[in-house]
Amino acid sequence: MRAIVQDSYGPTDVLRLGEVDRPSVGDDEVLVEVRAAAVDPGVWVLMVGQPYLVRLASGLRRPRVAVRGRDLAGVVAEVGARVTRFRPGDEVFGTCLRGSYAEFISTSARRLAHKPANLSFAQAAAVPVSGMTALRAVRDSGRVRPGQRVMVIGASGGVGSQAVQIAKAYGATVTGVCAPAKADLVRSLGADEVLDYTREEVDRDGPVYDVVIDTGGDRPLSLMRRALTPRGTLVLVGGTYTRGGLLGGYGRQMFGAPLLSLFVGHRLRNVSAMEHSADLDELRDLITSGALTPPIDRCYPLAEAADALRHLRTGHPAGKIVVTI
């Protein structure tokens, strides 16, 4: 079968369209014929192997998993002996650990859910990683409640665009932070107010926000804390993934925030990396109700996956980038 593979770490030039064996299916796994797979910063990190700390899990000298991609949407082709939730022909979406830029992928049934009927495969593929991250940022780390004021920094990105909608669904008043070219998109997602970061900083209004969700930026913790109420919560999602070095842009949440939270009244929280079908089911309910629709920046065919990743790095996408198979 066709897949996007790499034999070594590096920029997008290391990616190639190749032929690999169709995966086998374990007793608790599902074989999915992939129709679409999303692009996100995690794919870039695993491609370049930076920050270097990631190589402890992904392979010190070369990637342990040669095929890139995490999110997927497609049709069930085969199920393992102990799988009862799915059957061949079901339309599903979810994640995998073995690379989704491929015609087929096997993954644990616990990483899948039935695809929302009102989404295309491309839209559904845009949900899992970013949507589950946004959900956990709003629901678990932020503990957003009705009537609270929430700021989402990076509101036009993959995680941020879904965090805005989920926070609204949870009853919050939302301010989205983005570039001026993305303001109309962020308003269309339901943001009550848009802050143009090229003209004003996030502490413009003083300590008025109950929750600030930073989706992968590198602003100082002190700056974002100035936007929080005295007992407010700062949620850190990811880091600046384009930096190299040992930690890249992830030092804030790995060391800075945990240490600072011991001495201040604010709650400084990271977002857990767990992925399971219960969160996908909640996202599907939000999508079915009309409260959540993932915005798509653009789609690329499988053979142009490298171009999709280059666009992620340099194109300032509004919403998700998707690879179609």
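What comes next concerns the included structure. (Residues numbered from 1 in each chain as written. Predicted model: local features only at pLDDT ≥ 70, side-chain atom pairs only at ≥ 80, totals over all residues. Heavy atoms only, no water.)

**Quick notes on the sheet that holds strand S9 (residues 173-178)**
The six strands are arranged S10-S9-S8-S11-S12-S13 in an open sheet whose pairing can be described as parallel. Each edge of the open sheet is held by one strand with a lone partner, namely strand S10 (193-196) and strand S13 (267-270). Averaged over all pairs of adjacent strands, the angle between their axes in this sheet comes to 20°, without regard to strand direction. Sheet topology places strand S12 (residues 228-237) next to S13; four bridges connect them, and they run parallel. The partner of Val235 across the bridge, within S13, is Arg269. Each of strand S11 (209-215), S12 and S13 is contacted by helix H4 (residues 128-141), which is oriented at about 155° to S12, the strand it contacts most. Across the sheet, helix H5 (residues 158-169) touches strand S8 (149-153), S9, S11 and S12, and the angle it forms with S8 is around 170°. (Pairing = 2+ DSSP bridges. Helix = DSSP H or I, 4+ residues; strand = E, 2+ residues; numbered from the N terminus. Axes fitted to C-alpha atoms, helices over the stretch in contact; angles between N-to-C directions. Contact = heavy atoms within 4.5 Å.)

**Comments concerning the packing of H4 against H5**
Here H4 crosses H5 at 50°, and the two axes come no closer than 8 Å. When the interaxial angle is binned, H4 and H5 end up oblique. Between H4 and H5 lies a crossing of right-handed hand. Contacts between H4 and H5 pair Ser130, Gly131, Thr133, Ala134, Leu135 and Val138 from the former with Gly158, Val159, Gln162, Ala163, Ile166 and Ala167 from the latter. Grouping the amino acids of the contact of H4 with H5 by side-chain chemistry returns seven nonpolar, five polar and no charged. (Parallel < 35°, antiparallel > 145°, perpendicular 65-115°, else oblique. Left-handed = near helix turned anticlockwise from the far one by under 90°. Nonpolar A, V, L, I, M, F, W, Y, C, P; charged D, E, K, R; others polar.)

**Notes on the nonpolar core**
Core analysis: the largest hydrophobic core is formed by 45 residues, its most contacted members being Val150, Ile166 and Ile213. Sequence-distant contacts of Val150, defined by excluding residues within four places in its chain, comprise Val144, Ala167, Ala172, Thr173, Val174, Thr175, Tyr209, Val211 and Ile213. In terms of nonpolar packing, the next biggest core, distinct from the first, is built from 19 residues, Val14, Val43, Tyr101 and Ile321 among them. (Core = buried A, V, L, I, M, F, W, Y, C linked by side-chain atoms within 4.5 Å. Buried < 20%, exposed > 50% of the residue type's maximum accessible area, 1.4 Å probe, protein only.)

**A few points about the pairing of S11**
With five of seven residues buried, S11 lies mostly within the body of the structure. Summarising the sheet, S8 and S11 pair through four bridges and their orientation is parallel. When the bridges of S11 are listed, Val150 appears paired with Val211.

**A short note on the environment of Ala77**
Take Ala77: it is sitting in strand S4 (residues 71-79). Distance in space between the C-alpha atoms of Ala77 and Ile105 is 9.7 Å, their sequence separation being 28 residues. Non-local contacts of Ala77, meaning those with residues more than four positions away in its chain, are made with Arg22, Leu31, Val32, Glu33, Pro88 and Phe104.

**Brief notes about the environment of Leu17**
Of note, Leu17 is situated in strand S2 (residues 16-19). Once the C-alpha coordinates of Leu17 and Leu189 are considered, the two residues, 172 residues apart in sequence, prove to be 35 Å apart. What Leu17 contacts, discounting residues up to four positions off in sequence, is Arg2, Ala3, Ile4, Leu302 and Ala303.

Nothing here speaks to function; it is all geometry.
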